[in-house]
Amino acid sequence: MSDRERLDEVLNRVSVAADKAELAANDITLIAVSKTFDADSIRPVLKAGQRVFGENRVQESEGKWPGLKEEFPDARLHLIGPLQSNKTREAVALFDAIHTVDREKIAVTLAKEMVAQGRTLELFVQVNTGEEPQKAGISPREAVAFVERCKTVHGLSIEGLMCIPPFDENPGPHFALLRKLAQEAGLEKLSMGMSADFETAIEFGATHIRVGSAIFGSRG
Ligand SMILES: *Cc1c(COP(=O)(O)O)cnc(C)c1O
């Protein structure tokens, strides 16, 4: 199957899941996760009309996206992997959205860089819903207060929450927890769901799904 056929299939599945959840497919942003794929593999998906992409590494993205954004100026790039504070300048220059705000230090440096560069990015706070020690994200108990501090202390407007459920667990309860926390924090956007579980995520109200291998094939 070509990338284009896989993209069509994912879009169909999104629209069926949206119907079931009584949502408009338009309310769900499909982020095509192109990490590990080079510009020549990404271009056909851009040519097929997909405009929102996700990457998990700043440095890898700097190698392929400035050129692709020149070819496709309306492409939007989301950072879905951890952000190191020493990469914040590059990240703010290249990305349009960051899903992984999860600690004070990143909030401070992001706020500073967005002002310095005169850019406003769409920001999500990552929540470690499974409280896994090796995983990034703020703990569910601290999430609402952290969102509030981003606004009042750092002047950062957070638009949504993001999670990556534990690999070996039923994702539903994690998606439900993320939705509940977003309601408490007064946020509307939910970044949740990947190739294996995006339909479940839509059932739980996902507004942004991050789909890699179902579009680009396996990462080998
Ligand atoms: C790689 C990645 C995805 C996409 O994963 P697939 O299983 O290939 O769809 C989604 N979210 C994050 C944070 C990722 O790193």
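Before reading on, note that the structure itself is shown above.
This write-up is about the structure you can find in this document.

Procedures and definitions
Residues numbered from 1 in each chain as written. Predicted model: local features only at pLDDT ≥ 70, side-chain atom pairs only at ≥ 80, totals over all residues. Heavy atoms only, no water. Helix = DSSP H or I, 4+ residues; strand = E, 2+ residues; numbered from the N terminus. Buried < 20%, exposed > 50% of the residue type's maximum accessible area, 1.4 Å probe, protein only. Near = heavy atom within 4 Å. Polar contact = N/O pair within 3.5 Å; in protein donor to acceptor, adjacent residues only side chain to side chain. Areas by Shrake-Rupley, 256 points an atom, 1.4 Å probe, with all protein chains shown as cover. Nonpolar A, V, L, I, M, F, W, Y, C, P; charged D, E, K, R; others polar. Expected span 1.5 Å × (residues − 1). Arc of directions from axis to C-beta. Contact = heavy atoms within 4.5 Å. Salt bridge = Lys/Arg side-chain N within 4 Å of Asp/Glu carboxyl O.

**Looking at the environment of glutamate 22**
Alright, step 1. Here glutamate 22 lies in the loop between α1 (3–20) and β1 (29–33).
Alright, step 2. Among the residues examined, glutamate 22 registers a relative accessible area of 75% and is labelled exposed.
Alright, step 3. Note: C-alpha distance between glutamate 22 and glutamate 203 (181 residues apart in sequence) is 9.1 Å.

**Looking at the site of the ligand**
Alright, step 1. Close to the ligand lie Val33, Lys35, Ile80, Met162, Ile164, Met194, Ser195, Arg210, Val211, Gly212, Ser213 and Arg219.
Alright, step 2. One of the side-chain nitrogen or oxygen atoms of serine 195 is found 2.5 Å away from an oxygen atom of the ligand.
Alright, step 3. In the environment of the ligand, a nitrogen atom lies 2.9 Å from a nitrogen or oxygen atom belonging to the side chain of arginine 210.
Alright, step 4. Considered on its own, the ligand offers 380 Å² of accessible surface; in the complex 89% of this is hidden by protein.
Alright, step 5. Here the shell around the ligand is composed, by residue class, of 6 nonpolar, 3 polar and 3 charged.

**A few points about α1**
Alright, step 1. Helix length check: α1 (18 residues) gives 26 Å between terminal C-alpha atoms against 26 Å at 1.5 Å per residue, within 8%.
Alright, step 2. The complete set of buried residues in α1 reads Asp3, Arg6, Leu7, Val10, Val14, Ala17 and Ala18. One face of α1 carries all of its buried residues, which in axial projection span an arc of 110 degrees. Turned more than 90 degrees off the buried face of α1, the exposed positions are Asn12, Val16, Asp19 and Lys20.
Alright, step 3. Packed against the buried residues of α1 are β1, α2 (39–47), α8 (198–203), β8 (208–211) and α9 (213–216).

**A short note on the pattern of salt bridges**
Alright, step 1. Tallied over the full model, the rule gives 18 salt bridges.
Alright, step 2. The salt bridge involving arginine 149 is made with glutamate 104; its shortest N-O contact spans 3.0 Å. Placement of arginine 149 in helix α6 (residues 140–152) and of glutamate 104 in helix α5 (residues 104–117) is noted, with a sequence separation of 45 residues between them.
Alright, step 3. On the basis of relative accessibility, which here comes to 31%, the residue glutamate 104 falls in the partly exposed class.
Alright, step 4. When the shortest N-O distance is used, the salt bridge between lysine 189 and glutamate 122 registers 3.0 Å. Residue lysine 189 is found in strand β7 (residues 189–191), and its partner glutamate 122 is found in strand β5 (residues 122–126); the two are separated by 67 residues along the sequence.
Alright, step 5. With a relative accessible area of 23%, lysine 189 lands in the partly exposed category.
Alright, step 6. The buried category is assigned to glutamate 122, whose relative accessible area is 10%.

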